[in-house]
Amino acid sequence: MASEKQPPVVQETEKPTFQTSDLEKQPPIDEPIETEKSDTTQDDTVLPRDATEDEIASLPKVTDKIPFAAWAVIVAGAGERFTYFGLIAPWQNYMQYPQGKEPVPGALGLGQATAVNISNAFFLFSFLTPMLFALISDIWLGRYRTLLLGLVCYLGGCVVLIATSVPSALEQGAGVGGLAAALILTGLGAGSVKATYVPFLGDQYMQAKPQLFRQKNGNLVVVDGPRTLQFIYNAYYWFTNIASLSSIPVTFIEWHHEFWSAYLLATVTLCLSIALFLLWSKKLVKVKPQGNVLPKAVRVLVCASKNGFKLERTKPSYQQTHHDKVVPWTDSFVEEMRRGMVACRVIFFLVIFYLCIAQMYNNLVSQAGQMLLSGVPNDMIQAFSGVACIIFGPIMQGLYEFLARRKIPFGPIARITASFVFCGASMAYAAGVQKLIYSTGPCYDHPYNCPESEGGRQPNNVSVWVQLPVYILLAIAEILGFVTAFEYAYSKAPREMKTVVQALTQLTAGVASLLGMAISPASKDPNMVIVYSCLAGAMGVSAVVFLWRFRRYDRIDTQLNQF
């Protein structure tokens with residue numbers, strides 16, 4: 001590997017243009033597409049070339065060849081995701097239930113509401129720290145080294161968690177303090193990954209403009225950067241969900257052995273992920289830090305607030321003409337900010353979506369614990385969301401290809417709206433499952449808290465497999481929502497602010513965690529039917545308002561892209 005040529009280190013403003021090597025080997029381009037030959041006013045004998053607006057609008061779009069560097073980052077990143085899901089899967093049981101409780105394993109005995117609150121506090125912390133790492137990345141270290149710094153923090157948190165979750169440490173009262181330290185360190189690590197990983201993955205594929213290409217059958221197609229980026233993020237999400245199946249072995253280890261041994265598996269995988277990033281380092285595209293433009297962006301926003309909150313009026317030409325004032329930014333910077341603000345406004349609407357998805361890691365785990373488990377750990381059921389993503393991911397990618405070949409629009413705004421609908425449906429179904437639990441003995445709407453439960457050992461007589469459709473619906477919602485959000489945040493952000501915009505999108509998830517903390521006192525029996533019903537209703541309202549507010553952006557999606 002050391003003998004292979006090292007890829008160049010490039011500046012954001014010096015990204016090379018589209019390369020056509022080996023395009024004919026690419027399956028999406030080789031597959032015949034039923035379309036008429038394009039009539040174009042330009043010379044088609046010299047291909048590939050930049051596609052015109054008419055060609056972009058009328059010709060089928062296909063994906064480009066995915067470079068090795070992108071696949072390398074996807075595989076190494078999947079190792080980090082294996083660790084993440086392997087850590088958080090047992091947390092609800094670890095925090096909620098005491099040691100020795102059956103049929104559900106536990107350690108700290110803090111109760112459901114407290115455990116949910118701590119879980120939301122961790123998510124909030126991990127969603128606030130990306131801004132810190134975004135600044136470190138843009139000003140000092142760059143994305144690659146900032147990512148490695150975060151992974152080292154991550155590893156430290158894993159070691160602390162293992163050391164304080166062994167039975168002897170728990171008996172000496174080290175559990176709560178060790179958990180707090182581990183949450184801080186892993187939260188820092190997760191924050192670094194959230195800020196840098198998605199833009200770093202996007203950096204591995206470089207294309208400036210859509211290209212016109214003639215297939216072997218003579219048909220003209222447009223090799224499309226946004227669709228290629230969409231494929232890359234879909235591939236990453238597919239690998240992520242394979243990695244999320246770590247919740248299956250760790251929960252069985254937790255169930256049959258001890259929590260520390262479950263955390264050990266996650267820690268070993270993180271070590272492998274770090275090793276892969278280091279091993280493939282010379283093959284990865286590393287964009288040098290450009291200096292942080294956030295202060296300049298803030299000054300533009302302040303200027304806009306003094307000019308009727310209109311960014312157009314912050315352009316140097318307007319300021320010079322109307323205020324005889326010279327400003328230290330350019331018209332193009334203002335235009336880039338305008339497109340970046342579109343991405344931020346769109347992503348902010350995912351607040352309720354993030355809140356619903358977070359239920360998988362706390363309240364839905366507790367719901368499963370109230371049901372007949374038939375030898376299956378209650379915190380393993382969430383793994384079926386990952387299984388569903390693995391199944392439906394390629395199906396959704398195939399759907400996108402099908403629609404693109406027939407020039408049927410299904411833009412990012414439409415995809416996010418669809419994700420809201422599926423997410424709302426999952427919460428509505430969860431409310432129905434909770435109603436079924438409350439309607440069934442022995443303890444009805446107070447599971448485990450009645451004499452008939454045999455001292456808290458007998459759950460209500462409802463099979464845990466009734467919960468399965470919740471995770472299938474959430475999986476489809478994640479594929480439509482999260483992947484599109486990754487793509488949207490990267491493609492619409494200004495070149496110098498891709499890490500910052502990615503960090504800002506994590507603040508949306510942070511707001512969701514704050515909401516989760518606010519409703520956590522109500523997250524207990526017999527209130528859970530109301531909690532899930534309110535989430536379903538809020539998700540439905542969000543879908544309607546989101547489509548009404550942003551549907552026009554799908555019509556100008558290409559113009560908004562910033563590569």
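Placed above this text is the structure.
Residues numbered from 1 in each chain as written. Predicted model: local features only at pLDDT ≥ 70, side-chain atom pairs only at ≥ 80, totals over all residues. Heavy atoms only, no water.

S.K.: Mind showing me how you'd approach the overall build of the chain here?
M.R.: Within the chain, the secondary structure is distributed over 22 helices and four strands. Dimensions of the chain, computed from C-alpha atoms along their principal axes, come out at roughly 85 × 60 × 50 Å. A total of 563 residues make up the chain; the buried ones form 57% of that total. Intrachain contacts of the chain at a sequence separation of at least 6 include 82% that bridge at least 24 residues. Carbon and sulfur atoms provide 64% of the accessible area of the chain, an area that totals close to 22,500 Å². The centroid of the 44 positive side-chain charges in the chain is displaced by 6 Å from the centroid of its 41 negative side-chain charges. (Helix = DSSP H or I, 4+ residues; strand = E, 2+ residues; numbered from the N terminus. Buried < 20%, exposed > 50% of the residue type's maximum accessible area, 1.4 Å probe, protein only. Contact = heavy atoms within 4.5 Å. Areas by Shrake-Rupley, 256 points an atom, 1.4 Å probe, with all protein chains shown as cover. Lys, Arg positive; Asp, Glu negative; His and termini not counted. Charge placed at Lys NZ, Arg CZ, Asp CG, Glu CD.)

S.K.: Which parts of the structure should I look at to understand unusual backbone geometry?
M.R.: Note: most residues except glycine have negative phi, and most peptide bonds are trans. Here Gly 441 and Pro 442 are connected by a cis peptide whose omega angle stands at 10°. Looking at where Pro 442 falls in the secondary structure, it is placed in the loop between α18 (412-438) and α19 (468-492). Cis rather than trans, the peptide bond between Asp 525 and Pro 526 has omega equal to 10°. Its place among the elements puts Pro 526 in the loop between α20 (498-519) and α21 (528-550). Notably, Lys 407 is not glycine yet its phi reads approximately 55°, a positive angle. In this structure, Lys 407 sits in the loop between α17 (383-405) and α18.

S.K.: How do you make sense of a positive patch on the surface when you look at a structure like this?
M.R.: Taken together, the side chains of Arg 345, Arg 551, Arg 552 and Arg 555 present a region of like positive charge at the surface. In this structure, Arg 552 sits in the loop between α21 and α22 (557-560). Taking the relative accessible area as the measure of exposure, Arg 552 reaches 36% and is therefore partly exposed. (Patch = residues over 30% accessible without salt bridge, like charges linked within 9 Å, V, L, I, M, F, W, Y side chains within 5 Å. Salt bridge = Lys/Arg side-chain N within 4 Å of Asp/Glu carboxyl O.)

S.K.: Before we go on, may I ask you to explain the nonpolar core in this structure?
M.R.: The tendency in soluble globular proteins is for nonpolar side chains to be buried side by side. Counting 117 residues, the largest nonpolar core has Trp 91, Tyr 94, Leu 151, Tyr 197, Leu 201, Val 346 and Phe 353 as its most contacted members. Sorting elements by how many residues they give to this core places α19 first, with 14 residues. With sequence-adjacent residues up to four places away left out, Val 346 is seen in contact with Ile 413, Ile 416, Tyr 488, Phe 546, Phe 550 and Tyr 553. (Core = buried A, V, L, I, M, F, W, Y, C linked by side-chain atoms within 4.5 Å.)

S.K.: How should the packing of aromatic side chains be read in this particular structure?
M.R.: One pair of aromatic rings is described through two measures. These are the centre distance and the angle between the planes. Enumeration over the complete set of coordinates arrives at 28 aromatic pairs. Where Phe 384 meets Trp 465, the ring centres are 5.5 Å apart and the plane angle is 85°; that geometry is what we call edge-to-face. Linking Phe 384 in helix α17 with Trp 465 in the loop between α18 and α19, this pair joins segments that are 81 residues apart in sequence. On the basis of relative accessibility, which here comes to 26%, the residue Phe 384 falls in the partly exposed class. Judged by its relative accessible area of 36%, Trp 465 is partly exposed. Among the aromatic side chains, those forming a connected cluster through ring pairs are Phe 127, Tyr 237, Phe 349, Phe 353, Tyr 354, Phe 420, Phe 482, Phe 546, Phe 550 and Tyr 553. Between Lys 296 and the ring centre of Phe 333, over which it is positioned, the NZ or CZ distance is 4.9 Å. (Phe/Tyr/Trp six-rings, centres within 6.5 Å; stacked < 30°, edge-to-face > 60°. Lys NZ or Arg CZ within 6 Å of the ring centre and 35° of its normal.)

S.K.: What's the story with the side chain of Ser 273 in this structure? I'm lost.
M.R.: By the element assignment, Ser 273 lies in helix α11 (residues 259-279). Separated by 2.7 Å, the side chain of Ser 273 and the backbone oxygen of Ala 76 make a polar contact. Those residues in contact with Ser 273 that lie beyond four places of it in its chain are Ala 76, Gly 79 and Glu 80. (Polar contact = N/O pair within 3.5 Å; in protein donor to acceptor, adjacent residues only side chain to side chain.)

S.K.: Any chance you could explain the layout of surface pockets here in plain terms?
M.R.: Any space left empty among the atoms is revealed by the rolling of a water-sized probe across them. The space that makes up the largest pocket amounts to roughly 940 Å³. As for the largest pocket, its lining consists of 30 residues, of which Ile 56, Lys 61, Asp 554, Asp 557 and Thr 558 are closest to the centre. Mapped onto the lining of the largest pocket, the elements with two or more residues apiece are α2 (53-58), α9 (225-243), α17, α18 and α22. (1 Å grid on protein atoms, 1.4 Å probe; cavity = no way out; pocket = protein on both sides within 12 Å on 5 of 7 lines; lining within 4 Å. Points joined across faces, edges and corners; volume = space filled by probe spheres on them.)

S.K.: Even after reading the chapter, I still don't get the sheet that holds strand β1 (residues 49-50), so can you show me in this structure?
M.R.: Strand-to-strand pairing in sheets goes through backbone hydrogen bonds, with the strands running parallel or antiparallel. Read from one edge of the open sheet, four strands run β1-β3-β4-β2, paired in mixed fashion. The sheet is open, and its two borders are formed by β1 and β2 (61-62), each paired with just one other strand. With two bridges joining them, β1 and strand β3 (residues 211-214) adopt antiparallel strand pairing. Counted as the bridge partner of Arg 49 is Leu 212 from β3. (Pairing = 2+ DSSP bridges.)

S.K.: Is there a simple way to think about the state of the cysteines in this case?
M.R.: As used here, a disulfide is simply a covalent bond connecting the sulfur atoms of two cysteines. For the structure on display, the rule yields one disulfide. Here Cys 443 connects covalently by a disulfide to Cys 450, the sulfurs 1.9 Å from one another. Looking down the S-S bond of the Cys 443 and Cys 450 bridge, the torsion is -70°, so its handedness is left-handed. Comparing Cys 443 with Cys 450 shows no difference in burial state: the two are buried. Free cysteine Cys 153: the closest other cysteine sulfur is in Cys 158, separated by 11 Å. (Disulfide = S-S within 2.5 Å.)

S.K.: What exactly am I supposed to notice about empty space enclosed by the protein here?
M.R.: All chains considered together, the criterion is met by seven cavities of 30 Å³ or more. Roughly 620 Å³ of internal volume is contained in the largest cavity. Lining the largest cavity are 33 residues, and of these Arg 81, Phe 85, Lys 194, Tyr 361 and Phe 482 lie nearest its centre. For the lining of the largest cavity, the secondary structure elements donating two or more residues are α3 (68-88), α5 (112-128), α8 (175-203), α9, α15 (351-358), α17, α19 and α20. Examining the composition of the lining of the largest cavity, we find that five residues originate from one element, α20, more than from any other. Taken together, the residues of the lining of the largest cavity sort by class into 20 nonpolar, 10 polar and three charged. Approximately 70 Å³ is the volume attributed to the second largest cavity. Taken together, 11 residues make up the lining of the second largest cavity; nearest its centre are Asp 138, Arg 143, Lys 288, Pro 289 and Gln 290. (Nonpolar A, V, L, I, M, F, W, Y, C, P; charged D, E, K, R; others polar.)

S.K.: Hey, could you run me through the pairing of β3 in this one?
M.R.: Side chains on a regular strand alternate between the two faces of the sheet. Summarising the sheet, β3 and strand β4 (residues 220-223) pair through four bridges and their orientation is antiparallel. Directly across from Gln 211, in β4, lies its bridge partner Val 223. Between the end of β3 and the start of β4, which pair antiparallel, lie five residues, with Gly 218 showing a positive phi angle near 95°.

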